[in-house]
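Spelled out from the first residue to the last, the chains are:
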Amino acid sequence: MHWALEAQRLLREEYGLGVDVWSVTSWSELRRDAMTATGVPYIRQALAGTSGPVIAVSDWMRAVPDQISPWIDRPWTSLGTDGFGLSGTREAVRRHFGVDPRSITEAVLKAVETGRD
């Protein structure tokens, strides 16, 4: 969450782009809810009235947030730490996997630009 909030600040200050940051406490619970919902799944209710691409960021493998992508009806990008065994600082590892503030910022800019095409 800390890195996403820092990316939000960068996007606002450096690019004049306002973005929302949402916290997910359990990707699995969101998926479970979506799969068993008799009406509109919670994730769709939560995102109703919002627009723009969704960038899911996790310190887990991207497959974890990707669990809910079938219920997202807009451009989706997931960022996660798809690997193991790297040594170095946590900052270097996050940069390597693209989950640091600058990488998140770049992913948002790319998604917004792609959506304009």
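Whatever comes next refers back to the structure up there.
Let me sum up the structure you'll find in this document.

1. Here we look at the overall build of the protein
Secondary structure assignment for the protein yields five helices and two strands. Taking 117 residues into account, the globule formula puts the C-alpha radius of gyration at 13 Å, and the protein, at 15 Å, falls close to it. Principal axes of the C-alpha set define a box for the protein whose edges measure 45 × 35 × 25 Å. Scored against the burial criterion, the 117 residues of the protein give a buried share of 32%. Considering only intrachain contacts with a sequence separation of at least 6, the fraction spanning at least 24 residues in the protein is 47%. Surface exposure of the protein reaches about 7,700 Å², of which carbon and sulfur atoms provide 52%. Across the protein, the mean location of the 13 positive side-chain charges is 2 Å away from that of the 15 negative side-chain charges.

2. Quick look at the side chain of S78
Of note, S78 is situated in strand 2 (residues 76-79). A polar atom in the side chain of S78 sits 2.8 Å from the side chain of D66. Each residue touching S78, except ones within four places of it in the same chain, is listed here: A56, R62, P65 and D66.

3. Brief notes about helix 2 (residues 27-36)
The periodicity of an α-helix, 3.6 residues per turn, causes residues three or four positions apart to be oriented the same way. Every buried residue of helix 2 is listed here: W27, L30 and A34. Buried residues of helix 2, seen end-on, are gathered within an arc of 65° and therefore sit on one face of the element. Tucked into the core, helix 2 has its buried residues touching helix 3 (42-47) and strand 1 (54-57).

4. Looking at the pattern of salt bridges
Enumeration over the complete set of coordinates arrives at four salt bridges. Salt-bridge contacts for E13 lead to R9; the nearest nitrogen and oxygen are separated by 2.4 Å. Within this pair, E13 and its partner R9 are both found in helix 1 (residues 2-15), separated by four residues, close to a single helical turn. Accessibility expressed as a relative area gives 28% for R9, which makes it partly exposed. Look at the salt bridges and you will find they share partners, linking E6, R9 and E13 into a network.

5. Here's the deal with the nonpolar core
In terms of nonpolar packing, the biggest core is built from ten residues, these being W27, L30, A34, I43, L47, V54, A56, I68, W71 and I72. Broken down by secondary-structure element, the contributors of at least two residues to this core are helix 2, helix 3 and strand 1. If you tally residues by element for this core, the top one is helix 2, at three residues. Among residues more than four places away in sequence, those in contact with I68 are W27, L30, R31, I43 and W76. Of all hydrophobic cores here, the second largest spans nine residues; its members include A7, V99, I104 and A107.

Reading the values: rules and limits
Within each chain, residue numbers correspond to sequence positions counted from 1 in written order. Since the coordinates come from a predicted model, pLDDT governs what is reported: local features require at least 70, and pairs of side-chain atoms require 80 or more to be given and counted, while whole-chain, interface and lining totals use all residues. Side-chain measures here rest on the full set of heavy atoms in the structure, leaving out hydrogens and waters. Under the scheme used here, helices are H or I runs from DSSP no shorter than 4 residues and strands are E runs no shorter than 2 residues, and both carry numbers assigned from the N terminus. Between the two quantities, the radius of gyration covers C-alpha atoms and the globule rule is 2.2 Å times the number of residues to the power 0.38. Relative accessibility under 20% of the residue-type maximum defines a buried residue, over 50% an exposed one, and the middle range a partly exposed one, all with a 1.4 Å probe and only protein chains included. The criterion used for residue contact is that any of the two residues' heavy atoms lie within 4.5 Å. Under the convention used here, a 1.4 Å probe and the Shrake-Rupley method define accessible areas, while residue burial counts only the protein chains that appear. Counted charges follow a simple rule, with Lys and Arg positive, Asp and Glu negative, and His plus the chain ends left uncounted. In this description, the location of a charge corresponds to atom NZ of lysine, CZ of arginine, CG of aspartate or CD of glutamate. For the purposes of these results, a polar contact is taken to be a pair of N or O atoms within 3.5 Å, where, inside protein, one atom must be able to donate a hydrogen and its partner to accept one; residues adjacent in sequence count only when each atom of the pair is a side-chain atom. The directions from the helix axis to the C-beta atoms are what the arc is built from. What makes a salt bridge here is a side-chain nitrogen of Lys or Arg within 4 Å of a carboxyl oxygen of Asp or Glu, nothing more. For the purposes of this section, nonpolar cores are sets of buried Ala, Val, Leu, Ile, Met, Phe, Trp, Tyr and Cys residues that join through side-chain atoms within 4.5 Å.

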